[in-house]
Amino acid sequence: MDAQRLDSILSRYECDPWDLIPVLQDIQDSYSYLPKEELQEVSQRLNVPLTQIFSVATFFKMFSLVPKGRHQVKVCLGTTCHLRGGTRLMESLSNRLGVEPGYTTKDMEFSLETVGCLGSCAQAPVMMVDDKYFGRTSVDKVPKILKLYK
Amino acid sequence: MPRFESVDHLQEYRRQLAARLDPKQPQVLVCAGPGCLPMGSDEVAAAFREELQKNGLEGKVALKECGCQGLCARAVKVLLRPQEIAYQHVTPEDVPEIVEATLKNGQVVDRLIYEDPDTHDRFAYKADIPFYKGQQTVVLRKLDVIDPESLDDYLAMGGYRGLRKVLVEMSPDQVIEAVDRSGLRGRGGGGFPTGRKWRICADTLEEVKFIICNGDEGDPGAFMDRAVMEGDPHAVLEGMIIGGYAIGARRGYIYVRHEYPLAVKRLALAIDQAREAGFLGPNILRSGFGFDIKISRGAGAFVCGEETALIASMEGFIGEPSPRPPYPAQQGLFGRPTVINNVETWVNVPEIINMGADWFAAIGTENSKGTKVFSLVGAVNQTGLVEVPMGTSLRQIIYGLGGGLGPGREFKAVQTGGPSGGCIPPQFLDLSVDYDSLQSVGSIMGSGGMIVMDNTSCMVDVARYFISFLYEESCGKCTPCREGLKHLLFLLDEIIAGRGELAHLDLMEELCATMSSASICGLGQSAVNPVRSTMKYFREEYEAHIRDNKCHALVCRPLLKYTIDPETCTGCLACVRECPVGAISGIKKKVQELDQELCVKCGLCYEACQFDAVKVE
Ligand SMILES: Cc1cc2nc3c(=O)[nH]c(=O)nc-3n(C[C@H](O)[C@H](O)[C@H](O)COP(=O)(O)O)c2cc1C
Ligand code: SF4
Ligand code: SF4
Ligand code: FES
Ligand code: FES
């Protein structure tokens, strides 16, 4: 366990039980997943049972119990994107990366995810890689977008 | 920015600010809103920065990256003040010409101005463009004026004047009275009267109370809250501080979806600025009233937009709703009375205080006051954000502002209210949009998403889409919702696969009746709206799937057949590369063969082919 890294996260909080979700978010952001040993430590420090931590960690979509890849690819399957071919976009990405949504490529480069709506519906279908949005995407633009991150 | 020690100090600063600002100074506002960001607005802004520098104009021309300018369909939008010349589809390559022609020589770059899709009339100035003419902006008013990261800009537009007014002139009770009299109703979906909610909370005997701003914006297709949080963050804060003063709370929280990183960043910056200037903190403008705000990030769960689930997750639990009463206004966060309102609701508050309850109550209809922001998306020409008085007709919004559907496209339905809403057919286009009228046709206002659908959308698929969305997002706590969604999804999948029976429709109706009456929260109760409204208004589509195994919109995969047209196929192999199952084969530059046995009907070949040689029926 990386005690120093965890301490620097926990030091931002009073460590009350209701700090649980923000603490897990910081761990997720910093480690790209929620490592088991860290969760045990959080359980003690925040005085929250480990069972509750696991139920929270599995309830919310942003948390992952396994390490994620270097780049997060999010494909919008919100209503507008659904109507405008979001599913096909997702399938094309899934083919090219060789992973199903929710998984990470073997080389740990890309994690593929679907989301409910990215809030850029006017440019559907929309996808996001890390913090960058791509609007009016289509199957034939996928290779070019992925190339930016290879 | 000074720290304001009194309301007079603020007044004085505002006067100085007005004197310092030159209304004639040229300004370039590059839209960096939710619609323009994905189209490369950052590159356009960078090009302006470079070009202004090259021309020695950095000091003379103000460059701002602002919030949504409304007409997202024409991204990237650029607005030049003070003339208000509105350019469309701007790319970095256009920037040198804009700087040379418009900024240096005062000429309009003709090829970048607005052209009406129908009449082909061309307009250079924002005020002449029909899209803007038909609107009345209250909530979006500052989005294409201010730099969201500048407190000075907000102050120059009259920001924190509402806060000053309540601290100096109004008792908490008078503030509640004003909000009540204005007729403001919640913009997050339910439409509960805001003043009444505040009164319930203020009347409790508890010492500690809380304010929450609901920025979870889960409805797919709605992005007005994102646009406001990113584009005018101080307005959200000001509304909440006024609310805190009114009900006697000292702490507020903004709950923002984690998919909105820029909103979090902008709000955090605004909070820092407000603290530094003395608009937040233990003793605001030395009035004796103290209030502070923290941001809570969502963790990716649609149901957490529901107020009791949102509160549960802020307490560190999973986002399960609980039955009401008690309402959060009586017993909310940590068991304390809590007023929770939507982003757009909060932003209306300072305007009501400034302009007066009567002004607000004069806009809109009998029971729905004020304006409403809609995100107009889907199969409409001019996608974007529009703000109109309550009571404006669907036709005026979709055709008058949205410019209709474009050549060859036929209006089929408009979906309002997100997954809890319904699909409204053409016969109701003249319906005036307010809380009650939408409900009367089986939909709801919801947060203001308006998704226009044409003949390429299949209504059975739309119903299935929402049910599968809600099935994924249901927290699973109550049986009618959990099991009802599962069975609805099963039945819809059968219909889509061509295995449906007419009796399934009755079964679905029965499931809907139980779900709407017996689910704990709004998710389950209103999940039936997409199913009911499509079954009611588009029954013939269900029947076509069931009786004829046909999806006329060519959407439902199991009912489709893909073929390659030997006449047009050039043998470029684009489809072969795309096909995930290797169903297409042949020699390069020869006509390709598609094996129906292997084909999983994903349509990737159809989209990949540049020559329209892949056919679907
Ligand atoms: C399933 C579900 C999801 C909701 N999502 C949101 C949301 O994303 N944003 C929002 O403001 N209100 C949402 N609401 C409504 C809230 O429960 C609550 O009524 C609202 O925040 C109150 O604010 P208002 O009175 O200003 O509308 C949702 C309700 C339900 C049942
Ligand atoms: S993409 Fe079109 S033209 Fe090219 S091989 Fe496939 S069917 Fe033929
Ligand atoms: S529809 Fe999909 S599976 Fe069928 S041939 Fe085309 S790409 Fe292959
Ligand atoms: S539906 Fe895809 S961005 Fe909103
Ligand atoms: S985001 Fe630029 S116009 Fe809407």
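**Q** Help me understand the overall build of chain A in this model?
**A** Looking only at helices and strands, chain A has seven helices and four strands in total. With the principal axes as the frame, chain A shows a C-alpha extent of 50 × 30 × 25 Å. Within chain A, the proportion of its 150 residues that are buried is 55%. Summarising the internal contacts of chain A: among those between residues at least 6 apart in sequence, 58% fall at separations of at least 24. A total of about 6,700 Å² of accessible surface is found on chain A, and carbon and sulfur atoms cover 50% of it.

**Q** Would you mind showing me how to read the sheet that holds strand β11 (residues 371-378) of chain B here?
**A** The strands making up a sheet are joined through hydrogen bonds of the backbone, oriented either antiparallel or parallel. Residue and element names in this part refer to chain B. With mixed pairing, five strands are arranged side by side in an open sheet as β12-β11-β15-β13-β14. Two strands in the sheet have a free side with no partner beyond their single neighbour: β12 (384-389) and β14 (423-424). Relative to strand β15 (residues 449-454), strand β13 (residues 411-416) runs antiparallel, the two being bridged by five bridges. Of the residues in β15, the one forming a bridge with V414 is V452. Across the face of the sheet, helix α9 (residues 224-231) comes into contact with β11, β12 and β15 while running at roughly 115 degrees to β11.

**Q** What am I meant to see in empty space enclosed by the protein here?
**A** Think of a ball as big as a water molecule: rolled over the atoms, this probe shows where empty space is left. According to the stated counting rule, one finds six cavities of 30 Å³ or more in the structure shown. Approximately 140 Å³ is the volume attributed to the largest cavity. Lining the largest cavity we find 14 residues, and of these K61(A), R257(B), E259(B), A301(B) and F302(B) sit closest to its centre. In the lining of the largest cavity, the residues fall into four nonpolar, five polar and five charged.

**Q** What is the right way to look at the sheet that holds strand β3 (residues 78-81) of chain B in this model?
**A** All names here are of chain B. One open sheet accounts for four strands, arranged β2-β1-β3-β4; its pairing is mixed. A strand with exactly one partner marks an edge of an open sheet, and here the two such strands are β2 (62-66) and β4 (85-87). Taken over all neighbouring pairs, the strand axes of this sheet differ in orientation by 20 degrees on average, direction set aside. When strand β1 (residues 27-31) meets β3, the two strands line up antiparallel, connected through four bridges. By the bridge assignment for β3, L29 is matched with L79. Against the sheet, helix α3 (residues 95-105) touches β1, β3 and β4, its axis set at about 170 degrees to β4.

**Q** Sorry if this is basic, but what is going on with the packing of aromatic side chains here?
**A** Two numbers describe a pair of aromatic rings. These are the distance of the centres and the angle of the planes. One pass over the structure, following the stated rule, counts 20 aromatic pairs over all chains. For the ring pair Y465(B) and F466(B), a centre distance of 5.1 Å and an interplane angle of 70 degrees mean the geometry is edge-to-face. F466(B) sits in the buried class, given a relative accessible area of 0%. Taken together, F4(B), Y13(B), Y154(B), Y160(B) and F279(B) form an aromatic cluster joined through their ring pairs. The ring of F134(A) has K132(A) lying over it, and the distance from NZ or CZ to the ring centre is 5.6 Å.

**Q** Before we go on, may I ask you to explain the layout of surface pockets in this structure?
**A** Residue and element names in this part refer to chain B. Roughly 1,300 Å³ of volume is contained in the second largest pocket. Elements with a contribution of two residues or more to the lining of the second largest pocket: α8 (194-202), β10 (338-342), α16 (435-440) and α20 (522-526). Looking at the lining of the second largest pocket residue by residue, the classes come out as 13 nonpolar, 24 polar and 11 charged.

**Q** For this particular structure, what's the right way to read the confidence of the model for chain B?
**A** Low pLDDT means the predicted atomic positions in that stretch should not be read closely. Scored by pLDDT, chain B comes out at a mean of 94, with 100% of its residues at no less than 70. Interface confidence in the predicted complex, given as ipTM, is 0.94; pTM for the same model is 0.93.

**Q** Explain the pattern of salt bridges here, please?
**A** When the charged atoms of two side chains with opposite charge come close together, those side chains can pair. Under the criterion given, the structure shown has 53 salt bridges over all chains. E473(B) is the partner of K61(A) in a salt bridge, and the nearest nitrogen-oxygen pair spans 2.3 Å. Residue K61(A) is located in the loop between α4 (50-59) and β1 (71-76), and its partner E473(B) is located in helix α17 (residues 459-473); the two belong to separate chains. The class for K61(A) is partly exposed, based on a relative accessible area of 41%. The partner of E12(B) in a salt bridge is R15(B), with the nearest N and O atoms 3.4 Å apart.

**Q** Explain the site of ligand 3 here, please?
**A** Close contacts around ligand 3 come from 13 residues, with C579(B), C599(B), C602(B), G603(B) and C605(B) the closest. Mapping ligand 3 onto the cavity grids shows that it belongs to the second largest cavity.

**Q** How do you make sense of the domain arrangement of chain B when you look at a structure like this?
**A** Many authors give the size of an interface as the accessible area that is lost as the parts come together. Residue and element names in this part refer to chain B. For chain B, the assigned domains read domain 1 (24-81 + 85-124), domain 2 (151-361), domain 3 (371-454), domain 4 (459-548) and domain 5 (561-617). Each of domain 2 and domain 3 has a C-alpha centre, and these two points are 27 Å apart. Summed over both partners, the interface of domain 2 with domain 3 buries about 1,400 Å², with 57% contributed by carbon and sulfur atoms. Where domain 2 touches domain 3, the interface holds one salt bridge. A salt bridge links E344 to K372; the nearest nitrogen and oxygen atoms lie 2.6 Å apart. At the junction of domain 2 and domain 3, the tally comes to eight residue pairs in polar contact (both at pLDDT 80 or more). Partitioning the side of domain 2 that touches domain 3 into residue classes produces six nonpolar, five polar and four charged.

Cut-off values and rules
Residues numbered from 1 in each chain as written. Chains lettered and ligands numbered in written order. Predicted model: local features only at pLDDT ≥ 70, side-chain atom pairs only at ≥ 80, totals over all residues. Heavy atoms only, no water. Helix = DSSP H or I, 4+ residues; strand = E, 2+ residues; numbered from the N terminus. Buried < 20%, exposed > 50% of the residue type's maximum accessible area, 1.4 Å probe, protein only. Contact = heavy atoms within 4.5 Å. Areas by Shrake-Rupley, 256 points an atom, 1.4 Å probe, with all protein chains shown as cover. Pairing = 2+ DSSP bridges. Axes fitted to C-alpha atoms, helices over the stretch in contact; angles between N-to-C directions. 1 Å grid on protein atoms, 1.4 Å probe; cavity = no way out; pocket = protein on both sides within 12 Å on 5 of 7 lines; lining within 4 Å. Points joined across faces, edges and corners; volume = space filled by probe spheres on them. Nonpolar A, V, L, I, M, F, W, Y, C, P; charged D, E, K, R; others polar. Phe/Tyr/Trp six-rings, centres within 6.5 Å; stacked < 30°, edge-to-face > 60°. Lys NZ or Arg CZ within 6 Å of the ring centre and 35° of its normal. pLDDT = per-residue confidence, 0-100. Salt bridge = Lys/Arg side-chain N within 4 Å of Asp/Glu carboxyl O. Near = heavy atom within 4 Å. Sits in = over half its atoms within 2 Å of the grid points. Domains from an automatic or database assignment. Buried area = accessible area lost by both parts, 1.4 Å probe. Polar contact = N/O pair within 3.5 Å; in protein donor to acceptor, adjacent residues only side chain to side chain.

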